[in-house]
Amino acid sequence: MKALLAIAALLPVPAFAQAYQCAPPTRIEPIPRIEADAPPRPSPISGYTLSASWSPDYCKTSRDTASMQCSGRDGRFGFVLHGLWPESRGPYPQWCATRLAPTPADVRPHLCMTPSTRLLAHEWAKHGSCMAKTPAQYYRAANALWRSIRWFDADRLSRKQDLTAGDLRQEFVRLNPAWKPEQVGVKVSRTGWLREVQLCYSRRFLPERCDRRHFGPADSAKLKIWRGL
């Protein structure tokens, strides 16, 4: 974890936020207690995945109109952080034993990155507990990686004729020269709509080739991006 924070300090911080607009609320939703839905699995960590959801698609498919992410009351969101996940060469680590739960002070600074107290609490309980000692430490690590990435204009990219998954990877790499296309995963719906971009890291938090599960469709696969903004 210390290595991640040291590496992130050397990376350029983008001049713009991933949220189109965002004002962290003065009062936040109650932080729910998250119950594990599977047994603990403290597997050895071999790498990490940073998963970024395309918010307009989520708001459309979930039909969510009331949350911070989708209501528009606190801003309009593009890419938002789904989570930072530890990976393993076998089944990935999950639900590691911890008595700690995130506090409002832990989550409030990160609501423009992940605009959901429930999701922030869930990501700590399922994933962060296997890679950090406290929720605050986990969120700081995720935020350090998040700030190191430059996100492309998905609205503009969506208008490209005959758009493919490879076009998205090339646009990401153009803005993030330290990355290669094979290190950029794409998650799509059954009908080809963009759901998430999944970035693959080594144990040292450096870009690494994605495995088949995270890489997603081939570069030649047709891609659609819901604008909804």
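Check the entry above for the structure.
Structural notes, computed from the coordinates. Predicted model only: the values in this text are computed from it and were never measured.

Calculation rules
Residues numbered from 1 in each chain as written. Predicted model: local features only at pLDDT ≥ 70, side-chain atom pairs only at ≥ 80, totals over all residues. Heavy atoms only, no water. Helix = DSSP H or I, 4+ residues; strand = E, 2+ residues; numbered from the N terminus. Rg over C-alpha atoms; globule rule 2.2 N^0.38 Å. Buried < 20%, exposed > 50% of the residue type's maximum accessible area, 1.4 Å probe, protein only. Contact = heavy atoms within 4.5 Å. Areas by Shrake-Rupley, 256 points an atom, 1.4 Å probe, with all protein chains shown as cover. Lys, Arg positive; Asp, Glu negative; His and termini not counted. Charge placed at Lys NZ, Arg CZ, Asp CG, Glu CD. Disulfide = S-S within 2.5 Å. Salt bridge = Lys/Arg side-chain N within 4 Å of Asp/Glu carboxyl O.

### Examining the overall build of the protein
Per the secondary structure count, the protein includes 9 helices and 4 strands. Computed over C-alpha atoms, the radius of gyration of the protein comes to 17 Å, within 12% of the 17 Å expected from 2.2 N^0.38 for 229 residues, which places it in the range of a compact globule. When its C-alpha atoms are laid out on the principal axes, the protein stretches across 50 × 40 × 35 Å. Each of the 229 residues in the protein was classed as buried or not, and the buried ones make up 49%. Counting only contacts in the protein whose residues sit at least 6 apart along the sequence, the fraction spanning at least 24 positions is 78%. Only carbon and sulfur atoms are counted for the fraction: they give 53% of the accessible area of the protein, which is about 12100 Å². Each charge class in the protein was averaged separately, 34 positive and 19 negative side chains, and the resulting centres sit 3 Å apart.

### Topic: the environment of Trp-124
One can find Trp-124 in helix 5 (residues 117-126). Taking the relative accessible area as the measure of exposure, Trp-124 reaches 2% and is therefore buried. Among residues more than four places away in sequence, those in contact with Trp-124 are Thr-98, Leu-100, Ala-101, Pro-102, Ser-129, Ala-132, Lys-133, Thr-134, Pro-135, Tyr-138 and Tyr-139.

### Points about the state of the cysteines
Counting across every chain of the model gives 4 disulfides. At a sulfur-sulfur separation of 2.0 Å, the disulfide partner of Cys-96 is Cys-130. In this structure the cystine formed by Cys-96 and Cys-130 twists about its S-S bond by roughly 105°; its chirality is therefore right-handed. Separated by 34 residues along the polypeptide, Cys-96 in the loop between strand 2 (79-87) and helix 4 (104-107) and Cys-130 in the loop between helix 5 and helix 6 (135-147) bring together distant segments of the chain. Relative accessible area serves as the criterion here: at 13%, Cys-96 is assigned to the buried category.

### A short note on the pattern of salt bridges
With the rule as written, the count across this model stands at 10 salt bridges. With a shortest N-O distance of 3.9 Å, Lys-222 and Asp-162 are connected by a salt bridge. Residue Lys-222 is found in the segment after helix 9 (212-215), and its partner Asp-162 is found in the loop between helix 7 (154-157) and helix 8 (165-175); the two are separated by 60 residues along the sequence. Of the two residues, Lys-222 and Asp-162, neither departs from the other in class, the shared state being exposed.

### As for helix 5
In terms of residue burial, helix 5 counts as a mostly covered element, since 7 of its 10 residues are buried. Buried-residue contacts for helix 5 involve strand 2, helix 4 and helix 6.

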